[in-house]
Amino acid sequence: MTIGILIIAHAPLASALRACVLHVFPEVEHSLGALDVAANAPPEDTLAAARIMVDQLNTPGVLVLTDVFGATPCNVAQ
């Protein structure tokens, strides 16, 4: 069983972390997502994008990782 991973973090950290993982483990590309959150992004838009990405991962479960507790990426993940 493959579990998806979604990284939600301030831009450009999420994409950078995804690139690092894929450098070492290229086979996980389809089960690893990254959502970069812009400084001025409304939380509602970020939540909508995160829900779409979870659906696109198409895995039975998704582990969501985020950067700063209490900031928009973390609040969206909660």
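Everything here concerns the structure above.
Residues numbered from 1 in each chain as written. Predicted model: local features only at pLDDT ≥ 70, side-chain atom pairs only at ≥ 80, totals over all residues. Heavy atoms only, no water.

J.: Can you walk me through the pairing of strand 2 (residues 32-37) in this structure?
T.: When a strand is regular, its side chains alternate between the sheet's two faces. A large share of strand 2 lies buried, amounting to five of its six residues. Relative to strand 2, strand 1 (residues 4-10) runs parallel, the two sharing six bridges. In the strand pairing of strand 2, I8 is matched with L35. Read from strand 1 through helix 1 (residues 13-24) to strand 2, the crossover connection turns out right-handed. (Buried < 20%, exposed > 50% of the residue type's maximum accessible area, 1.4 Å probe, protein only. Helix = DSSP H or I, 4+ residues; strand = E, 2+ residues; numbered from the N terminus. Pairing = 2+ DSSP bridges. Right-handed = clockwise from strand over helix to strand, strands pointing away.)

J.: Would you mind showing me how to read the environment of A34 here?
T.: Here A34 lies in strand 2. For A34, a relative accessible area of 18% corresponds to the buried category. If sequence neighbours within four positions are ignored, A34 has contacts with L6, I7, A14, S15, R18 and M53. (Contact = heavy atoms within 4.5 Å.)

J.: Any chance you could explain the side chain of T59 here in plain terms?
T.: Counting through the fold element by element, T59 comes out in the loop between helix 2 (43-57) and strand 3 (62-66). Other than its neighbours up to four places away in sequence, T59 contacts T2, I3, G4 and S31.

J.: What exactly am I supposed to notice about unusual backbone geometry here?
T.: For residues besides glycine, phi is generally negative; the peptide bonds are generally trans as well. Each neighbour pair has its own omega, and for A11 with P12 the value is 0°, a cis peptide bond. For P12, the position within the fold is in the loop between strand 1 and helix 1. The backbone of N58 sits at a positive phi, close to 50°, despite the residue not being glycine.

J.: What's the story with a nonpolar patch on the surface in this structure? I'm lost.
T.: Side chains of M1, I3, L63 and L65 sit close together on the surface and give an oily, nonpolar patch of about 440 Å² of accessible area. Looking at where M1 falls in the secondary structure, it is placed in the segment before strand 1. Given a relative accessible area of 86%, M1 falls into the exposed group. (Patch = residues over 30% accessible without salt bridge, like charges linked within 9 Å, V, L, I, M, F, W, Y side chains within 5 Å. Areas by Shrake-Rupley, 256 points an atom, 1.4 Å probe, with all protein chains shown as cover. Salt bridge = Lys/Arg side-chain N within 4 Å of Asp/Glu carboxyl O.)

J.: For this particular structure, what's the right way to read helix 2?
T.: Each α-helix winds once per 3.6 residues, and so residues spaced three or four apart point in a common direction. The end-to-end C-alpha separation of helix 2 is 21 Å, in line with the 21 Å expected for 15 residues at 1.5 Å each. Within the span of helix 2, buried status applies to T46, A50, M53 and L57. The buried residues of helix 2 occupy one face: seen down the axis, they fall within an arc of 65°. Turned more than 90 degrees off the buried face of helix 2, the exposed positions are E44, D45, R51 and D55. A positive phi of about 50° marks N58, the residue just after helix 2. (Expected span 1.5 Å × (residues − 1). Arc of directions from axis to C-beta.)

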